[in-house]
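Residue-level structure breakdown
For reference, the chains in residue letters:
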Amino acid sequence: MKFLIFSTLLFYSFTQATAQPMTDAELKALLKKVDRIYRSDTSHSTMTMKIKTPQFERSLTMESWTRGLDYTFMTILAPVKDKGISTLKRKSKMWNYFPKINKVIKIPPSMMLSSWMGSDFTNDDFVKESSYQDDYFAKLLKRTKVMVSIELTPKSDTSSLWGKVIIDIHAAKYYPIKQVFYDESGEKIRTLEFSHVKALGARMVPMKMTLTPHHKKDQYTEILYNKIDFDVPLKASVFTRRNLQKRR
Amino acid sequence: MIFKLALRNIFRQKRRTVLTIMMMCFGYTLLAFTYALSEGSYNSIIEAFTSQSTGHLQIHNKSYLENQNLFYSITDAPKMIQNLERDKSIKAVSARITGGALAFANNKTAGVKIVGFNALKEQALTHYENRVFEKDSTINGPSGTYVYIGKKVARILKLKLGDSLAMISSGVDGSIANDLYTVKGIMKGSPFDDNSVYLGLNAAQEFFSLHNQVTHVSVLLHNIGSFPAAVNRMAPLLSNTKYIVRPWQKIESSFYKAMEADKKGNTITELIIVLMVSIGVLNTILMSMLERTREFGLLKALGTKPLQLAGMVTLEVLLTSFISLAIGVVLAYAVIYYFSIFGIQYSEPMTYGGMTFSELTVEFSTKAFLRPAVVILLSSALVALVPSYRVLKLKPIDGLKDF
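Note that this is a predicted model, so its numbers are computed, not measured. (Residues numbered from 1 in each chain as written. Chains lettered and ligands numbered in written order. Predicted model: local features only at pLDDT ≥ 70, side-chain atom pairs only at ≥ 80, totals over all residues. Heavy atoms only, no water.)

Overview of the overall build of chain B
- The secondary structure content of chain B amounts to 14 helices and 12 strands.
- Radius of gyration (C-alpha) of chain B: 31 Å, far over the 22 Å computed for a compact globule of 403 residues.
- Considered along the principal axes of its C-alpha atoms, chain B spans approximately 100 × 45 × 30 Å.
- Across the 403 residues of chain B, 49% fall into the buried class.
- For chain B, contacts bridging at least 24 residues in sequence account for 77% of all contacts bridging at least 6.
- Accessible surface, chain B as shown: approximately 20000 Å² in total, 61% of it carbon and sulfur.
- Looking at chain B, you have 41 positive and 28 negative side-chain charges, and the mean spots of the two groups are 11 Å apart. (Helix = DSSP H or I, 4+ residues; strand = E, 2+ residues; numbered from the N terminus. Rg over C-alpha atoms; globule rule 2.2 N^0.38 Å. Buried < 20%, exposed > 50% of the residue type's maximum accessible area, 1.4 Å probe, protein only. Contact = heavy atoms within 4.5 Å. Areas by Shrake-Rupley, 256 points an atom, 1.4 Å probe, with all protein chains shown as cover. Lys, Arg positive; Asp, Glu negative; His and termini not counted. Charge placed at Lys NZ, Arg CZ, Asp CG, Glu CD.)

Here it is, written out as structure tokens:
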């Protein structure tokens with residue numbers, strides 16, 4: 001009996017040590033950091049995306065502007081064939097623009113989870129239609145000196161593809177290390193890994209993201225940020241249909 | 001002896017014999033004609049179908065057939081075409097790219113089938129220019145940004161000659177294929193063209209990012225019947241084992257199966273005609289036998305063996321049918337020949353498998369003559385069994401009593 005009490009106590013103290021409880025506010029603050037890791041209040045970046053499948057490999061260079069989570073504008077710089085193809089997201093609306101045919105196509109909410117330009121990333125990944133902070137229930141799984149693991153399950157009114165998402169966040173520097181996405185039946189669908197961490201001003205930002213789908217062999221998509229500027233002044237006109245249709 | 005008797009019996013009652021012969025002749029001609037007609041119409045459907053759209057044979061990448069991914073293409077089409085064109089049995093070869101796309105114009109959207117081809121080669125194979133409703137006469141088929149569109153596409157998107165048309169699809173490398181084209185030709189209404197947009201091969205390759213590649217190569221033979229041999233001969237010409245040649249029956253298997261089922265339905269019609277003729281022949285023969293009951297009774301009483309008598313009766317029937325066939329062949333030949341030249345005009349054009357036919361075609365083939373002949377002979381042999389059996393069972397005294 002004594003032993004049992006002792007071991008329970010021991011176990012309790014042990015779990016206490018590894019997972020100190022976090023308040024909801026703390027969790028929220030942490031998720032807000034993850035949501036805005038590449039965004040802050042405003043951001044302006046250029047990046048190179050490499051798409052690799054068993055059949056082909058191609059890379060795209062893009063320029064992107066964001067304001068909060070609600071506004072995103074992206075345009076493809078290279079290759080020449082795709083140059084000028086742009087994406088605008090305002091609140092819950094999203095459009096693609098194809099300069100060759102001078103056509104704006106609205107992306108319906110049902111397409112949020114389909115592939116962006118043939119990559120493994122979804123439209124939603126790029127425009128952050130859903131935010132971890134607001135649209136998911138968070139639960140602390142594990143906390144160590146280096147890493148915080150959080151399990152996210154979508155709130156009932158969130159139209160999410162994912163049954164749950166498990167995020168590993170750097171405990172001290174608050175940048176994401178890894179995100180694993182599961183479907184409703186608990187099966188692992190894809191893993192997003194972060195690397196090439198760079199100090200940008202006060203914050204630490206992983207400059208490279210690698211997304212690996214688990215059900216497709218020999219396939220992944222990489223995004224490498226060439227340059228990110230945070231909290232730059234942006235005109236409101238950046239996030240307009242007029243700007244979307246501007247010939248670049 | 002029996003043969004002589006049988007022959008004499010046939011010519012003894014001329015009117016009766018002529019009646020039987022007429023019955024059989026009529027049956028034979030009818031059967032032969034139906035057969036020639038159905039063969040003719042099916043062959044003209046096949047001919048129209050293969051020569052307007054699929055060709056007789058098609059070469060694909062095996063993996064393309066499994067998952068329709070544009071990535072599984074044919075990478076050395078020009079060399080393959082060169083090799084194939086040397087084959088004497090091949091009439092025309094055309095390399096194509098087919099893929100789906102979304103077309104936009106005048107704020108309307110339509111799903112279309114893009115077909116990219118070399119204008120000259122495709123004209124030799126499908127004669128698509130003959131199906132053009134209107135076109136800009138200064139150009140020679142679709143090329144560059146000039147496209148031909150199906151009637152339905154034109155109607156949905158409200159397009160006229162010279163209008164521009166935007167298309168979006170996904171390229172083989174996952175890129176978003178999008179480009180702007182000018183309508184230079186509009187096809188007549190036809191199931192092959194209605195939802196299509198015809199591009200030059202280079203333009204289609206550019207659109208789908210399929211550089212120097214095609215999705216399939218279509219082959220038209222001089223003689224459609226020669227395809228099994230042609231498939232075997234072509235296999236080594238393909239230069240790569242990942243390619244496969246398939247006849248049109250496989251490529252359009254649903255169409256082929258529907259047609260086969262339709263053909264099966266025709267055998268029932270044939271069966272009814274055979275039954276009609278057989279019953280008619282049975283009727284005349286049985287009547288003649290009844291008339292001759294006394295004669296048979298007498299023959300039996302005189303000591304003719306029952307089997308001899310049965311043999312005589314059977315021989316009579318068979319001889320009659322041979323004579324009928326001889327006349328029937330001439331008659332059927334004349335009828336089929338006439339209609340194979342002049343055809344039968346429909347009062348209203350008929351559509352089958354989406355193609356419109358304004359004339360029934362009658363096909364001249366040995367099959368059309370042989371098959372009914374066999375059918376008539378067999379059925380008359382069967383019919384002959386009935387009187388033979390009666391003769392066998394006939395008691396001489398009953399026969400003699402009969403008057």
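Section: the overall build of chain A
- Secondary structure summary: chain A contains five helices and 13 strands in total.
- Within chain A, buried positions represent 46% of all 248 residues.
- A separation threshold of at least 6 residues defines the contact pool for chain A, and within that pool the share at least 24 residues apart is 45%.
- For chain A, the accessible area works out to roughly 12900 Å², and carbon and sulfur atoms hold 56% of it.

Quick notes on the side chain of Gln249 of chain B
- Inspection of the secondary structure assignment puts Gln249 of chain B in helix 9 (residues 248-251).
- A distance of 3.3 Å separates polar atoms of two side chains, one belonging to Gln249 of chain B and the other to Trp248 of chain B. (Polar contact = N/O pair within 3.5 Å; in protein donor to acceptor, adjacent residues only side chain to side chain.)

Concerning the side chain of Glu63 of chain A
Residues and elements named next belong to chain A.
- Tracing the sequence through the fold places Glu63 in strand 2 (residues 57-67).
- Despite being buried, Glu63 has no salt bridge partner; Lys227 is the closest side chain of opposite charge, sitting 6.8 Å away.
- A distance of 2.7 Å separates polar atoms of two side chains, one belonging to Glu63 and the other to His44.
- Setting aside residues no more than four positions away along its own chain, Glu63 makes contact with His44, Ser45, Thr46, Phe73, Met74, Thr75 and Leu77. (Salt bridge = Lys/Arg side-chain N within 4 Å of Asp/Glu carboxyl O.)

Examining the packing of helix 1 (residues 2-12) of chain B against helix 12 (residues 306-342) of chain B
Residues and elements named next belong to chain B.
- Axis separation between helix 1 and helix 12 bottoms out at 9 Å; the angle between their running directions is 55°. In terms of orientation, helix 1 lies oblique with respect to helix 12. Helix 1 and helix 12 meet at a crossing whose hand is right-handed. Within the contact between the two elements, helix 1 uses Ile2, Phe3, Leu5, Ala6, Leu7, Asn9 and Ile10 and helix 12 uses Gln308, Gly311, Met312, Leu315, Glu316, Leu319 and Thr320.
- In terms of residue class, the contact of helix 1 with helix 12 is built from nine nonpolar, four polar and one charged. (Axes fitted to C-alpha atoms, helices over the stretch in contact; angles between N-to-C directions. Parallel < 35°, antiparallel > 145°, perpendicular 65-115°, else oblique. Left-handed = near helix turned anticlockwise from the far one by under 90°. Nonpolar A, V, L, I, M, F, W, Y, C, P; charged D, E, K, R; others polar.)

Some thoughts on the domain arrangement of chain B
- Here chain B is partitioned into domain 1 (2-50 + 256-401) and domain 2 (75-214).
- Between the C-alpha centres of domain 1 of chain B and domain 2 of chain B the distance comes to 53 Å. (Domains from an automatic or database assignment.)

Some details on the interface of chain A and chain B
- Listed per partner, the contact involves 13 residues of chain A and 18 residues of chain B.
- Buried area between chain A and chain B, both sides added, is near 1400 Å², and the carbon and sulfur share of it is 61%.
- If you sort the residues of chain A by the area they bury against chain B, Gln55, Lys81 and Ile101 of chain A come out on top, with a joint share of 41%.
- As a salt-bridge pair, Lys100 of chain A and Asp179 of chain B come within 3.9 Å of each other at their nearest N and O atoms.
- Our count for the chain A to chain B interface comes out at five residue pairs in polar contact (both at pLDDT 80 or more).
- Of the residues in the side of chain A that touches chain B, the class split is six nonpolar, two polar and five charged. (Buried area = accessible area lost by both parts, 1.4 Å probe.)

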